[in-house]
Structure formats: C-alpha cells, structure tokens
Amino acid sequence: MTPIEIAAVLLGVANIILIIRRSVWNYPFAIAMVSLYFIIFRDAKLFSDAGLQIFFIAVNAYGWWSWSRNKADAGEIVVEELSPNGFGAWIAGSILATLAWGLIMTNHTNASFPFWDAGVAMLSVVGQILMTRRLIENWYWWIAVNIISIPLYILKELYLTAGLYALFLVLAVAGLVEWRKVQARQE
C-alpha cells in the first residue's frame, strides 16, 4: 500500500459513482486515476494493465467529449443497448483479443500472469468502448473484469487495489440496475 495506490483508489471510487449517476464529470476523475495506475501496474510488472492505462487516458478524453454532446433534453446522458448479434460479436472479439494479447505478452515480455493480465486489459478495453458509447452492456464487461481482477491483484499483493475492484464489482452491478431503470424510462 502506497500513497499513490491510496489516491488512485479514492479517485476510482469517485469515478464509478459518477458513472452510475451518468455524470460527465466522471471523466476527469478517471483520467487522474488511470494516470496513477499506470505507475502502480508498471511497477507490479502487469504490463498489459499498465498499457491499458494509456488507452484509458485517450478514451476517457474522447468519452468526456462524447458524453458532453449526448444529453437528453433534461441534461441526462441517454443510454442505448446492443442487438443480440452485436452482443455476440463483442464477446467473440473480447475472447480473440485476450488470446492474441496474451500470446504477445507471453512471447515478448516477462509479464506476470500474461494471459490473466491480458484478459483484464482486453475486457477493460471493450468495457470502456461500450461505456463511452453509452451502451448498457458495458456493465457486463466491467462485472467480468472485476471478478477476474480481484484474485490477480491479491496475488500481486495489491490489496487496496483488490479491495477497490471488489467495490467496483458491487458498483458495476448497481450501475447495471440503474442504467436498466433509465432505459425503461427512456422507452
């Protein structure tokens, strides 16, 4: 446990609460959090997770811009849903990306748990893309990310981060429930 990890955890909690509320202000908190997590994951030799943080900075900047322009008349963010075929395609793409990235990490780095780390990274990429596009299914990806991240971070002795991801798991379920309610009101 370091001061950087403590700060990242606090920023992460604020970020997820703001996402559940569909607040565009989640993005500055996210950018600050992932900047700190780049350092944390790099030092833990979780290189896929470290690289993921760079992606998150870019996609959060885009999300901030996108969400600012996709509000209902009442000022709330409008949520949407994937078709069944689209949902299946995202699942297949997630699996293929995880396998491909895991092979790259295995063959070209000394990463800890390269396939496990790749799974966290690739599912997070998809979750972030779906969230940026305001798709309800983003929460399914975040639930999966949280479930597989917790034991990985415990093994890497990132206990505060594992605790954060346990909280993220609870908040992801709450986010899914809340966004489903919003979707029902939009229809």
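Just so it is clear, the model here is predicted, and its values are computed rather than measured.

The rules we used
- The residue numbering used here restarts from 1 in each chain and proceeds along that chain's sequence as written.
- Local features in a predicted model are, by the rule used here, given only for residues with pLDDT of at least 70; side-chain atom pairs are given and counted only at 80 or more, and totals for whole chains, interfaces and linings are based on all residues.
- Water and hydrogen atoms were dropped before computing side-chain values, which therefore reflect all heavy atoms in the structure.
- Runs of E in the DSSP output that reach at least two residues are strands. Runs of H or I that reach at least four are helices, and both are numbered from the N terminus.
- The contact rule is simple, with two residues in contact once any of their heavy atoms fall within 4.5 Å.
- Any helix carries an expected span of 1.5 Å times its number of residues minus one.
- Throughout, exposure labels follow a simple rule: accessible area from a 1.4 Å probe, protein chains only, divided by the maximum for the residue type, with under 20% read as buried, over 50% as exposed, and the rest as partly exposed.
- Think of it this way: a Phe, Tyr or Trp ring, Trp meaning its six-membered ring, pairs with another when their centres are within 6.5 Å, and the plane angle makes it stacked under 30 degrees, edge-to-face over 60, tilted otherwise.
- Counted as positive: Lys and Arg. Counted as negative: Asp and Glu, with His and the chain ends omitted from the count.
- By definition here, a salt bridge exists when the distance from a side-chain nitrogen of Lys or Arg to a carboxyl oxygen of Asp or Glu is within 4 Å.
- Counted as a polar contact is a pair of N or O atoms within 3.5 Å, where, for protein atoms, one must be capable of donating a hydrogen and the other of accepting one, and residues adjacent in sequence contribute only when both atoms are in side chains.
- Residues belong to a common nonpolar core when they are buried Ala, Val, Leu, Ile, Met, Phe, Trp, Tyr or Cys residues joined through side-chain atoms within 4.5 Å.

Chemist: So what's going on with the environment of alanine 162? Residues and values would help.
Modeler: When you line up the elements, alanine 162 lands in helix H7 (residues 159-186). Taking the C-alpha atoms as reference points, alanine 162 and alanine 58, 104 residues apart in sequence, are found 24 Å from one another. Excluding residues within four positions of it along the chain, alanine 162 makes contact with Ile150, Tyr153 and Ile154.

Chemist: Pulling in residues and values, what's your account of helix H5 (residues 114-132)?
Modeler: Given a rise of 1.5 Å per residue, 19 residues ought to cover 27 Å, and the 26 Å separating the end C-alpha atoms of H5 matches this to within 8%. The buried fraction of H5 is high, at 16 of 19 residues. The positive-phi residue at the C-terminal boundary of H5 is arginine 134, with phi of around 65°.

Chemist: Go over the packing of aromatic side chains with me, naming the residues and quoting the values.
Modeler: Inspection of the entire model under this criterion finds twelve aromatic pairs. Ring centres of tryptophan 25 and tryptophan 64 lie 6.1 Å apart, and the angle between their planes is 70°; this geometry places the pair in the edge-to-face category. With a gap of 39 residues between them, tryptophan 25 in the loop between helix H1 (3-20) and helix H2 (26-43) and tryptophan 64 in helix H3 (residues 47-68) connect regions that are remote in the sequence. The exposure class of tryptophan 25 is exposed, given its relative accessible area of 52%. Residue classification places tryptophan 64 among the partly exposed positions, given a relative accessible area of 30%. Put simply, the rings of Tyr37, Phe41, Tyr153, Tyr165 and Phe168 pair up and form one aromatic cluster.

Chemist: Go over the side chain of aspartate 117, please, and point to the residues and values.
Modeler: Summarising the element assignment, aspartate 117 is placed in helix H5. Here aspartate 117 occupies a buried position and makes no salt bridge, while the nearest side chain of opposite charge, lysine 156, is found at 8.9 Å. A polar atom in the side chain of aspartate 117 sits 3.4 Å from the backbone nitrogen of phenylalanine 47. Reaching out from aspartate 117, the side chain makes a polar contact with the backbone nitrogen of serine 48 at a distance of 3.0 Å.

Chemist: Go over the pattern of salt bridges, please, and point to the residues and values.
Modeler: Per the counting criterion, the structure on display carries four salt bridges. A salt bridge links arginine 22 to glutamate 178; the nearest nitrogen and oxygen atoms lie 3.9 Å apart. With a gap of 156 residues between them, arginine 22 in the loop between H1 and H2 and glutamate 178 in helix H7 connect regions that are remote in the sequence. Relative accessible area serves as the criterion here: at 24%, glutamate 178 is assigned to the partly exposed category. Between arginine 134 and glutamate 80 there is a salt bridge, and its shortest N-O distance comes to 3.0 Å. Taken as a pair, arginine 134 in the loop between H5 and helix H6 (138-155) and glutamate 80 in the loop between H3 and helix H4 (84-108) lie far apart in primary sequence, 54 residues in all. The partly exposed category is assigned to glutamate 80, whose relative accessible area is 36%.

Chemist: Kindly report on the side chain of glutamine 183, identifying the contributing residues and their values.
Modeler: For glutamine 183, the position within the fold is in helix H7. Looking at glutamine 183, the relative accessible area reads 11%, which means it is buried. Side chain to side chain, glutamine 183 and glutamate 81 meet in a polar contact 2.7 Å long. Glutamine 183 has contacts with Val79, Glu81 and Ile136, leaving out every residue within four places of it along the chain.

Chemist: Any chance you could break down the nonpolar core for me, citing the residues and the numbers?
Modeler: Counting residues in hydrophobic clusters, the biggest one holds 52 residues, and the most contacted among them are Tyr37, Phe41, Trp139, Tyr153 and Trp179. Breaking this core down by element, the ones donating at least two residues are H1, H2, H3, H5, H6 and H7. Ranked by residues supplied to this core, first place goes to H7 with nine residues. Here tyrosine 37 is in contact with Glu5, Ala8, Val9, Gln53, Thr161 and Leu164, once residues within four sequence places are set aside.

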